[in-house]
Amino acid sequence: NAGVTQTPKFQVLKTGQSMTLQCAQDMNHEYMSWYRQDPGMGLRLIHYSVGAGITDQGEVPNGYNVSRSTTEDFPLRLLSAAPSQTSVYFCASSYSLGQGNYGYTFGSGTRLTVV
Amino acid sequence: SQQGEEDPQALSIQEGENATMNCSYKTSINNLQWYRQNSGRGLVHLILIRSNEREKHSGRLRVTLDTSKKSSSLLITASRAADTASYFCATVRGYSTLTFGKGTMLLVSP
């Protein structure tokens, strides 16, 4: 049981390049989400999904696209990388504990540098 | 905007001492969670306290929640050097997504 797997762990991009950050979970969790963490900050929500085929924007969605074709996978696409997108990206999956409560599992993160 | 705000931003103590971190939030919540993040690593879930709970314990951790003041505290008793990390509170923001504070950086010296 691998939990939440993110690839790659590290990536350097040039401004204007595009790439996809991969996230996969093997726990059959319904909900998945992407966060970014900048130095000295907590995590901020980029996009999230409440199930296959359903996605929505979070707090900082600009410059990112997502899709959820399967329960297991939730890739994050950078359309045209900018230095402001230099950050550590975390994927999380979650499941309902009932009564509006959820359990969460986070991936180990992808450290992205845009030069 | 960030829902939770931790206080203090940084805390430095000696091994064996207790560490207390506080979190304030703005809107009503279903639950509040605390996470630990070691330098350069992912987040580890520590404890979840529901809105109808006032206090919860897990090992050396004690969490309190005061919904009337919209605040929570995390107490780590008998701290160890291995407790050195950043600690974040997070509240559930609809559809199971989390809203995090900026964190408290805890340094425990031997």
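Structure: above.
What this report covers is the structure whose coordinates are included nearby.

A word on the overall build of chain B
- In terms of regular secondary structure, chain B is built from 0 helices and 11 strands.
- Radius of gyration (C-alpha) of chain B: 13 Å, near the 13 Å computed for a compact globule of 110 residues.
- In terms of overall dimensions, chain B has C-alpha extents of about 40 × 30 × 20 Å along its principal axes.
- Sorting the 110 residues of chain B into buried and exposed places 46% on the buried side.
- By sequence separation, contacts in chain B at least 24 residues apart represent 53% of the contacts at least 6 residues apart.

Looking at the interface of chain B and chain A
- Contacts between chain B and chain A engage 23 residues on the former and 25 residues on the latter.
- Together chain B and chain A conceal approximately 2000 Å² of surface at their shared face, both sides included; 54% is due to carbon and sulfur atoms.
- At the surface where chain B touches chain A, the tally comes to 0 salt bridges.
- Inspection of the region where chain B meets chain A yields 3 residue pairs in polar contact (both at pLDDT 80 or more).
- Considering every element that reaches the side of chain B that touches chain A, the biggest residue donor is strand 4 (residues 31-37) of chain B, with 4 residues.
- Among the residues making up the side of chain B that touches chain A, the classes are represented as 8 nonpolar, 11 polar and 4 charged.

Let's talk about the nonpolar core
All names here are of chain B.
- Judged by nonpolar contacts, the single largest core of 21 residues is most densely connected at L32, W34, L74, I76, Y87 and L106.
- Elements represented by at least two residues in this core include exactly strand 3 (19-24), strand 4, strand 5 (43-50), strand 7 (61-66), strand 8 (71-76), strand 9 (85-92) and strand 11 (104-109).
- Setting aside residues up to four positions removed in sequence, I76 forms contacts with E17, N18, A19, M21, R60, L61, D83, Y87 and L106.

Things to note about the environment of L98(B)
- Along the chain, the position of L98(B) falls in strand 10 (residues 98-100).
- If sequence neighbours within four positions are ignored, L98(B) has contacts with Y35(A), Y104(A), F106(A), Q33(B), Y35(B), A90(B), T91(B) and V92(B).

Topic: the sheet that holds strand 7 of chain B
Residue and element names in this part refer to chain B.
- Pairing in this open sheet of 5 strands is antiparallel, and the strands run 1-3-8-7-6 from one edge to the other. Of all the strands in the sheet, just strand 1 (5-7) and strand 6 (55-58) have a single pairing partner and so form its edges. On average, adjacent strands in this sheet sit at an angle of 20° to one another, irrespective of strand direction.
- Pairing of strand 1 with strand 3 involves 3 bridges; the strand directions are antiparallel.

Brief notes about the pairing of strand 6 (residues 54-57) of chain A
Residue and element names in this part refer to chain A.
- Where strand 5 (residues 43-51) lies against strand 6, 3 bridges are found, and the strand directions are antiparallel. Across the sheet, the residue bridging to G51 is I54, located in strand 6.
- Hairpin connection between strand 5 and strand 6: a loop of 2 residues separates the two successive antiparallel strands, and G53 in this loop has a positive phi of roughly 85°.

Reading guide: rules and limits
Residues numbered from 1 in each chain as written. Chains lettered and ligands numbered in written order. Predicted model: local features only at pLDDT ≥ 70, side-chain atom pairs only at ≥ 80, totals over all residues. Heavy atoms only, no water. Helix = DSSP H or I, 4+ residues; strand = E, 2+ residues; numbered from the N terminus. Rg over C-alpha atoms; globule rule 2.2 N^0.38 Å. Buried < 20%, exposed > 50% of the residue type's maximum accessible area, 1.4 Å probe, protein only. Contact = heavy atoms within 4.5 Å. Buried area = accessible area lost by both parts, 1.4 Å probe. Salt bridge = Lys/Arg side-chain N within 4 Å of Asp/Glu carboxyl O. Polar contact = N/O pair within 3.5 Å; in protein donor to acceptor, adjacent residues only side chain to side chain. Nonpolar A, V, L, I, M, F, W, Y, C, P; charged D, E, K, R; others polar. Core = buried A, V, L, I, M, F, W, Y, C linked by side-chain atoms within 4.5 Å. Pairing = 2+ DSSP bridges. Axes fitted to C-alpha atoms, helices over the stretch in contact; angles between N-to-C directions.

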